[in-house]
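What the coordinates show
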Amino acid sequence: MTVHNLYLFDRNGVCLHYSEWHRKKQAGIPKEEEYKLMYGMLFSIRSFVSKMSPLDMKDGFLAFQTSRYKLHYYETPTGIKVVMNTDLGVGPIRDVLHHIYSALYVELVVKNPLCPLGQTVQSELFRSRLDSYVRSLPFFSARAG
Amino acid sequence: MAIFSVFVVNKAGGLIYQLDSYAPRAEAEKTFSYPLDLLLKLHDERVLVAFGQRDGIRVGHAVLAINGVDVSGKYTADGKEVLEYLGNPANYPVSIRFGRPRLTSNEKLMLASMFHSLFAIGSQLSPEQGSSGIEMLETDTFKLHCFQTLTGIKFVVLADPRQAGIDSLLRKIYEIYSDFALKNPFYSLEMPIRCELFDQNLKLALEVAEKAGTFGPGS
């Protein structure tokens, strides 16, 4: 089991943070373009899912998987989106994504007066805490990355 | 436990077959007296609740029936315009049934091609080499399973999140497609499937899968 990468978007589609661990393939486009493509895909999936659903939804879209990876999605009521790509063996990790939002993003970015909201997070503390939290996850393998 | 619907999408992203197998009832009927305490709005040729969520009636729900007469679009089955009818105090008390708006065939076509592109983007954004597109998409109310054949046809099944055995059902649908659509001399490739035997066998396969998958572990 392994974690490939993590995206953090705000409600306007700005990529607040991106980090990767075991990523073997790049999308072949500039990073900025990749963020836009990812946000656009999630935006469309959200509208797709809300139209397709036979019942009223609470949490909405949770995850999707392909033959090689699984994308986990968590959105707060304020529109912050946490997206983590892992391999297929990882089960539901809503609590992990919620922890990244509530214990890391809110504590170290929102409550930090030096971090302007709505643009890429510059805080070194946030980056290193996030990195060590993800590395400490039980499904984060120690494979050379 | 249920299978909600089946979609078949051709390699260009066009919807060539769609079947609604089971739609859970999420409807609320209530009798109202004159000033209607809900705000209704016309949206996409449908009358939707815009404000005033209460008693199982949610924002975004559509007017499905008035006094037991079905509503299609903005007109009732007997030809009256919904908003006009509800704006007239003489028609009250009135009983209105609300529920999630059903997908029109146009919307189904649009959603099918939308999924076609999401599928492609899903594989482009992969962090691993050689990834397929979206095979399973999970939400709290349903799971969408997709199987793409080597020739590019996509079979999409919407089912309850706890329904098991969808992977084998998708292979079975492919088999039914090969047997009853492709081998039908009147069927032309990539075109909408209108074959009676395909219909019959697909419905049968859905029934079998629903029963078989009931006790299995979540797929």
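Residues numbered from 1 in each chain as written. Chains lettered and ligands numbered in written order. Predicted model: local features only at pLDDT ≥ 70, side-chain atom pairs only at ≥ 80, totals over all residues. Heavy atoms only, no water.

Things to note about the pairing of strand 9 (residues 94-99) of chain B
Residues and elements named next belong to chain B. In terms of residue burial, strand 9 counts as a mostly covered element, since five of its six residues are buried. Pairing between strand 3 (residues 27-32) and strand 9: six bridges, direction antiparallel. If you follow alanine 28 over to strand 9, its bridge partner there is phenylalanine 98. Bridge count between strand 6 (residues 62-66) and strand 9: four bridges; the pairing is antiparallel. Bridge pairing in strand 9 places alanine 62 opposite glycine 99. (Buried < 20%, exposed > 50% of the residue type's maximum accessible area, 1.4 Å probe, protein only. Helix = DSSP H or I, 4+ residues; strand = E, 2+ residues; numbered from the N terminus. Pairing = 2+ DSSP bridges.)

What about the domain arrangement of chain B?
For chain B, the domain assignment lists domain 1 (1-21 + 102-209) and domain 2 (25-97). Between domain 1 of chain B and domain 2 of chain B, the C-alpha centre-to-centre distance is 34 Å. (Domains from an automatic or database assignment.)

What about the pattern of salt bridges?
One pass over the structure, following the stated rule, counts 25 salt bridges over all chains. For Lys108(B), the salt bridge goes to Asp20(B), with nearest N and O atoms at 3.0 Å. Of this pair, Lys108(B) sits in helix 2 (residues 105-124) while Asp20(B) is found in strand 2 (residues 15-20), placing the two residues 88 residues apart along the sequence. A salt bridge links Asp160(B) to Arg162(B); the nearest nitrogen and oxygen atoms lie 3.2 Å apart. Connected through shared salt-bridge partners, Glu20(A), Arg23(A), Lys31(A) and Glu34(A) make up one network. (Salt bridge = Lys/Arg side-chain N within 4 Å of Asp/Glu carboxyl O.)

With respect to unusual backbone geometry
All names here are of chain B. Here the amide bond leading from tyrosine 92 into proline 93 is cis, since omega sits at -5 degrees, within 30 degrees of zero. With respect to the helices and strands, proline 93 occurs in the loop between helix 1 (82-86) and strand 9. For asparagine 67, which is not glycine, the phi torsion reads 50 degrees and is therefore positive. In this structure, asparagine 67 sits in the loop between strand 6 and strand 7 (69-72).

Description of the interface of chain B and chain A
Contact residues are listed per partner, giving 38 residues for chain B and 38 residues for chain A. With both sides pooled, the region where chain B packs onto chain A buries about 3,700 Å², and carbon together with sulfur makes up 63% of that total. Joining chain B to chain A, the criterion identifies three salt bridges. The partner of Lys24(A) in a salt bridge is Glu128(B), with the nearest N and O atoms 3.6 Å apart. Inspection of the chain B/chain A interface yields 19 residue pairs in polar contact (both at pLDDT 80 or more). The set of elements that each furnish at least two residues to the side of chain B that touches chain A consists of strand 1 (3-9), helix 2 and strand 10 (136-139) of chain B. With ten residues, helix 2 of chain B is the single largest residue contributor to the side of chain B that touches chain A. (Contact = heavy atoms within 4.5 Å. Buried area = accessible area lost by both parts, 1.4 Å probe. Polar contact = N/O pair within 3.5 Å; in protein donor to acceptor, adjacent residues only side chain to side chain.)

Let's talk about the packing of aromatic side chains
Summed over all chains, the structure comprises 21 aromatic pairs over all chains. Judged by centre distance (5.9 Å) and plane angle (10 degrees), the rings of Tyr7(A) and Phe9(A) are stacked. Relative to Tyr177(B), the ring of Phe155(B) has its centre 5.6 Å away and its plane inclined at 70 degrees; by these criteria the two rings are edge-to-face. Of this pair, Phe155(B) sits in strand 12 (residues 154-159) while Tyr177(B) sits in helix 3 (residues 166-182), placing them 22 residues apart in sequence. Tyr177(B) shares its class with Phe155(B); the two are buried. The rings of Tyr7(A), Phe9(A), Tyr18(A), Tyr35(A), Tyr39(A) and Phe43(A) are connected pair by pair, giving a single aromatic cluster. A cation sits over an aromatic face here: Lys154(B) above Phe119(B), 4.4 Å from the ring centre. Positioned above the aromatic ring of Phe147(B), the side-chain terminus of Arg171(B) is 4.1 Å from the ring centre. (Phe/Tyr/Trp six-rings, centres within 6.5 Å; stacked < 30°, edge-to-face > 60°. Lys NZ or Arg CZ within 6 Å of the ring centre and 35° of its normal.)

What to know about the nonpolar core
Across soluble globular proteins, you tend to see nonpolar side chains buried next to one another. Membership of the largest hydrophobic core comes to 39 residues, with the highest contact counts inside it found for Phe9(A), Ile45(A), Phe48(A), Phe61(A), Phe64(A), Leu71(A) and Leu144(B). Top element by residues in this core is helix 1 (residues 31-52) of chain A. It accounts for nine residues. For Ile45(A), the contacting residues outside a window of four places in its chain are Phe61(A), Phe64(A), Leu118(B), Ile134(B) and Leu137(B). Judged by nonpolar contacts, the second largest core, of 29 residues, contains Leu16(A), Ile80(A), Val96(A) and Phe140(A). (Core = buried A, V, L, I, M, F, W, Y, C linked by side-chain atoms within 4.5 Å.)

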